[in-house]
Amino acid sequence: MPILAGPEPLTPDITIRPARAGEEDVVLDLLAEAAAWLAARGIHQWPQRFPVDSVRRQIQAGEALLIVGPGGPIATCAVAEADPGLWGETTEPAYYLGRLAVAREAAGLGIRIIDWVGAKAAAHHKTFVRVATTRDNPALRGYYERAGFQHVADPPEAQWPTSLYEKRVSQSRQAQDIRP
């Protein structure tokens, strides 16, 4: 079941919603902007442009999300209920957050998105929010650690140097209203 069926507020001026068919290039452009920004800093963890089919599949599955501000899309992410390629078959219910990209003009919004996913995870009775990041990006690993994620593993069989992180969903959040 997708994390989100329709738009909802992330902040008073920003909405989060499922990406729709035909918005593949919007998602891809946000990812490409983030990839270029990383590459300019010597970090090559993403391709210059992801394959359109991968985004199309995420949109069809209800996993691709767009975060929209007053001027249009400012961020994207994907949230799935499984990631067996990196995490294997797990029994704990979790949301797997990936492809989190925030336009430079909205820098700082990433933590709010992570918190929103955590609140949704609690509301949907998930135990964890999980992320996979490049093992070779200490700044990004530190970002997730500061956001409360714990390092779980560096799977040797991953196709790129990967670090897996998870954040246990706070039990107290399950009783909270997830809207801002």
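Just so we're clear, the structure is a prediction, and the values are computed from it rather than from any experiment.

Draft legend 1. Broad picture of the overall build of the protein. Counting its regular elements, the protein contains five helices and eight strands. Ordered by position from N to C terminus, the α and β elements of the protein give β-β-α-α-β-β-α-β-α-β-α-β-β. Scaling as 2.2 N^0.38, a compact globule of 180 residues should have a C-alpha radius of gyration of about 16 Å, and the protein matches this with 15 Å. Within the span of the protein, comprising 180 residues, buried residues form 47% of the whole. Residue pairs in contact within the protein that sit at least 24 positions apart in sequence constitute 62% of those at least 6 positions apart. Accessible surface, the protein: about 9,200 Å² in total, of which carbon and sulfur atoms supply 52%. Considering the protein, the positive charge centre built from 19 side chains and the negative charge centre built from 21 side chains are found 3 Å apart.

Draft legend 2. Layout of unusual backbone geometry. Even without glycine at this site, Arg99 takes up a positive phi of about 50 degrees. Tracing the sequence through the fold places Arg99 in strand S5 (residues 94-102). Positive phi, close to 60 degrees, is recorded for His125, a residue that is not glycine. With respect to the element layout, His125 can be found in the loop between helix H4 (109-123) and strand S6 (128-134). For His125, a relative accessible area of 58% gives the class exposed.

Draft legend 3. Main features of the pairing of strand S2 (residues 14-18). Most of S2 is tucked away: four of the five residues are buried. Bridge count between strand S1 (residues 8-11) and S2: three bridges; the pairing is antiparallel. Each residue of the ladder has a partner; that of Pro9, found in S2, is Thr15. Hairpin connection, S1 to S2: the antiparallel pair is bridged by two residues. Sheet analysis places S2 next to strand S3 (residues 64-69), joined by four bridges and oriented antiparallel. Bridge pairing in S3 places Arg17 opposite Leu66.

Draft legend 4. Looking closely at the layout of surface pockets. The calculated volume of the largest pocket comes to roughly 1,300 Å³. Lining of the largest pocket is provided by 44 residues; of these, Trp46, Gly98, Arg99, Leu100 and Ala132 occupy positions nearest its centre. Those elements that place two or more of their residues in the lining of the largest pocket are helix H1 (24-40), helix H2 (52-60), strand S4 (72-80), helix H3 (84-87), S5, H4, S6 and helix H5 (138-146). Along the lines of polarity and charge, the residues of the lining of the largest pocket split into 27 nonpolar, 10 polar and seven charged.

Draft legend 5. Broad picture of the side chain of Glu166. Structurally, Glu166 can be placed in strand S8 (residues 162-168). Judged by relative accessible area, Glu166 falls into the buried class, the value being 16%. Look past the residues within four positions of Glu166 in its chain and what remains in contact with it is Trp87, Phe128, Val129, Arg130, Gly148, Phe149, Gln150 and Val152.

Draft legend 6. Looking closely at the packing of aromatic side chains. One pass over the full model with this rule turns up four aromatic pairs. Taking 5.5 Å as the distance between ring centres and 70 degrees as the angle between the ring planes, the aromatic pair formed by Trp46 and Phe50 counts as edge-to-face. Overall, Phe50 belongs to the buried group, its relative accessible area being 12%. For the ring pair Tyr144 and Phe149, a centre distance of 5.4 Å and an interplane angle of 80 degrees mean the geometry is edge-to-face. An identical accessibility class is assigned to Tyr144 and Phe149; each is buried. Among the aromatic residues, those joined into a cluster by ring pairs are Tyr143, Tyr144 and Phe149. Its guanidinium or amino end placed over the ring of Trp37, Arg104 lies 4.0 Å from that ring's centre, counting from NZ or CZ.

Cut-offs applied
Residues numbered from 1 in each chain as written. Predicted model: local features only at pLDDT ≥ 70, side-chain atom pairs only at ≥ 80, totals over all residues. Heavy atoms only, no water. Helix = DSSP H or I, 4+ residues; strand = E, 2+ residues; numbered from the N terminus. Rg over C-alpha atoms; globule rule 2.2 N^0.38 Å. Buried < 20%, exposed > 50% of the residue type's maximum accessible area, 1.4 Å probe, protein only. Contact = heavy atoms within 4.5 Å. Areas by Shrake-Rupley, 256 points an atom, 1.4 Å probe, with all protein chains shown as cover. Lys, Arg positive; Asp, Glu negative; His and termini not counted. Charge placed at Lys NZ, Arg CZ, Asp CG, Glu CD. Pairing = 2+ DSSP bridges. 1 Å grid on protein atoms, 1.4 Å probe; cavity = no way out; pocket = protein on both sides within 12 Å on 5 of 7 lines; lining within 4 Å. Points joined across faces, edges and corners; volume = space filled by probe spheres on them. Nonpolar A, V, L, I, M, F, W, Y, C, P; charged D, E, K, R; others polar. Phe/Tyr/Trp six-rings, centres within 6.5 Å; stacked < 30°, edge-to-face > 60°. Lys NZ or Arg CZ within 6 Å of the ring centre and 35° of its normal.

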